[in-house]
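A closer look at the structure
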Amino acid sequence: MDSFDKKISANEKTNRPDRVIPAIEFRDVHLSFDDKKVLDGVSFTVRRGETKLILGRSGGGKSTTIRLVLGLLKPDSGQILIDGEDITNYSEAQMMDVRQKIGMVFQEGALFDSLSVYENVAYRLHEQGVEEEEVESEVRRMLQFVDLEDAIEKMPSELSGGMRRRVGIARALVGDPKIVLFDEPTAGLDPPTARTICELAIKLRDLEDVSSIFVTHEMQNLGYLCSEYATVDNDGQVIFEQEGEKLCLINTEVIMFRDGKIIFSGKDEELRRSDDRFIQRFINGR
Amino acid sequence: MNPFLRFLSELQDITLMIWSVLVGLTKSPRYFKEMFQQMDLIGVGSIPIILLTGFFTGGVLTLQSYPTLAYYGGQSETGMLVTSTLIRELGPVLTALMVAGRIGSAISAELGSMVVSQQIDAMRALGTDPIRKLVTPRIIALLLMAPLLTVTADIFGIMGGAIAGNQIYGHDYNVFINSMRNGIEIEHIIGGMIKPIAFGFIIGVISCHKGLGTTGGTVGVGRSTTNAVVLSSIVVIIADFFLSRVIQTVLVTRY
Ligand SMILES: Nc1ncnc2c1ncn2[C@@H]1O[C@H](COP(=O)(O)OP(=O)(O)O)[C@@H](O)[C@H]1O
Ligand SMILES: [Mg+2]
């Protein structure tokens, strides 16, 4: 029921002016590595509570885009804004504060090998010097969210790929960041596990009012994220429902990268209707 | 990029890293736990190899120099020769080379694999400065442990020298110890402590820099590990020459 209350309060906030400021905004961002143009004039916004799916071939600059949001890289030109704050020229020390409100799920999980699952998830809290009791209850809550309480004592090397990814998600969600970045969280996972991860992303979007970027190149994920939503039923259980005739999801959009440019931006239905050869090949595989 | 420009840019990266370490020292959080872990790993973990290296180096010094000294009738000075050679040169340099091989490679392999598996990025994303969390504790641990390991090497070297002299040439222990006392001079001891501190710093900085600069996946980790060991060994040996000269001019007025 806790999450349900949050949803109502989130809806109330809809009219407040700070809702107008996008969570993430790229303005004409350019970036090259040596002579290779990776991003060539990229502009997009992620509104509050919105999920932006980024599609594109591998090597298309998707991870680079996410790294720019976190300030792990700096653009050659253009501006990047987080919650309306221009972070383009922020120093590493200033970025540390911005990063506190962003959670990042890395491509392969990027768990700390030398730390246990517990210590991995607790990492941020340990760094902040939070009391161990509080840390433990928070870690258990997060591991419950990703359904991995049993693995709490394990080391990362003992986990399967899907479990590593879920621990990575739990670690990213500690401290309830309002922005979450997913870098191909389902790559290389079996369909049911991939589905579980998409459900987590949907829950964050619909129940926790999280803004997110979700990088993927699997069309299945696009189907889940663009047509299903999470609500809480009368028993307090989270359920997933399909959008229908009357209700159409407006909090999820797709952008597609090609050669460092955005060649499509809009709803998934529009993407599927597009007659662009590149997009059709991406969707149908031929 | 041509080699000269690459050298300059690498030098710049190293300077910036040292600067961040120094700036980081003035602010909290300070990672004492990591530092003690590293001290244990570097110090306690290296004792066996340092002990063996020191012992047999001292032994071979006696083995080779005793006959020459005896030819001039100066065999009673063996202790002095072995001791001053160890304290001034071989103790610091051999310890540094062993530490470069054992610790330098471990540091750059660990940091390098953290880079390629995105753990460094994850650390930054979670709000930790990798320089402060990973580099500073390692460099400080090396600064503190290198002199201690060198002293260990010196002591076991002298023991090795004495034992080799006694067992092979029947050289009396008392003679060895008496002459050893003449070999220990305060300026050499100071010089012999300055060197390992400098070498520890060189090994730490180069290994951390090479590790954090890893590119190109697992192959890159192997490459940066090799580079770290080779480069820090060479720099140690070159620095040894110049440090010796400086110590000679500043501390030892006789020359
Ligand atoms: N640190 C880097 N140095 C040089 N080239 C890089 C670096 N990071 C990424 N690239 C290049 O940028 C391009 C985009 O990479 P990336 O954003 O990881 O693509 P993807 O869309 O698969 O996530 C690739 O061609 C990659 O080789
Ligand atoms: Mg990628």
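It should be emphasised that the depicted structure is a prediction, and the values quoted were computed from it without experimental measurement.

Residues and elements named next belong to chain A. Among the five residues in strand β8 (residues 211-215), five count as buried, and that is most of the element. Neither face of β8 is left uncovered, since the one carrying Ser211, Ile213 and Val215 and the one carrying Ser212 and Phe214 both have all their residues buried. In this structure, strand β3 (residues 51-55) lies alongside β8, joined through four bridges in parallel fashion. Looking at β8, one finds that Ile54 is bridged to Val215. When strand β7 (residues 179-183) meets β8, the two strands line up parallel, connected through five bridges. Each bridged residue has a counterpart across the sheet, and for Asp183 the counterpart in β8 is Val215.

Right, let's get into the domain arrangement of chain A. All names here are of chain A. If you check the domain split of chain A, you get domain 1 (10-101 + 177-283) and domain 2 (109-176). If you average the C-alpha positions of domain 1 and of domain 2, the two centres end up 24 Å apart. In this complex, domain 1 contributes 16 residues to the contact, which on the side of domain 2 involves 14 residues. Approximately 1,200 Å² of surface area, both sides summed, lies buried where domain 1 meets domain 2, with 66% of it carried by carbon and sulfur atoms. When the buried surface of domain 1 facing domain 2 is broken down by residue, Gln100, Pro177 and Leu200 rank first, second and third, together holding 41% of it. Viewed at the interface, domain 2 and domain 1 are joined by five residue pairs in polar contact (both at pLDDT 80 or more). Contributions of two or more residues to the side of domain 1 that touches domain 2 are made by β7 and α7 (191-207). The biggest single contributor to the side of domain 1 that touches domain 2 is α7, with five residues. In the side of domain 1 that touches domain 2, the residues fall into nine nonpolar, three polar and four charged.

Residues and elements named next belong to chain A. Spatial ordering of the open sheet is given by β2-β1-β4-β5, a layout of four strands whose pairing is antiparallel. With partners counted over all chains shown, the strands left at the sheet margins are β2 (36-46) and β5 (85-86), one partner each. The strands touched by helix α2 (residues 62-69) within the sheet are β1 (24-33), β2 and β4 (77-82), with β1 carrying the most contacts at an inclination of about 120°.

Let us look at the sheet that holds β7(A). Paired through backbone hydrogen bonds, the strands of a sheet run either parallel or antiparallel to each other. Residues and elements named next belong to chain A. Overall, mixed pairing links the six strands, which are arranged β6-β7-β8-β3-β11-β12 in an open sheet. Lying at the two open borders of the sheet, with one neighbouring strand each, are β6 (102-105) and β12 (261-266). Between one strand axis and the next, the sheet turns by 15° as a mean value, whatever way the strands run. Where α2 meets the sheet, it contacts β3, β6, β7, β8 and β11 (252-258), and its direction lies at approximately 155° from that of β7.

Rules and cut-offs
- Residues numbered from 1 in each chain as written.
- Chains lettered and ligands numbered in written order.
- Predicted model: local features only at pLDDT ≥ 70, side-chain atom pairs only at ≥ 80, totals over all residues.
- Heavy atoms only, no water.
- Buried < 20%, exposed > 50% of the residue type's maximum accessible area, 1.4 Å probe, protein only.
- Helix = DSSP H or I, 4+ residues; strand = E, 2+ residues; numbered from the N terminus.
- Pairing = 2+ DSSP bridges.
- Domains from an automatic or database assignment.
- Contact = heavy atoms within 4.5 Å.
- Buried area = accessible area lost by both parts, 1.4 Å probe.
- Polar contact = N/O pair within 3.5 Å; in protein donor to acceptor, adjacent residues only side chain to side chain.
- Nonpolar A, V, L, I, M, F, W, Y, C, P; charged D, E, K, R; others polar.
- Axes fitted to C-alpha atoms, helices over the stretch in contact; angles between N-to-C directions.

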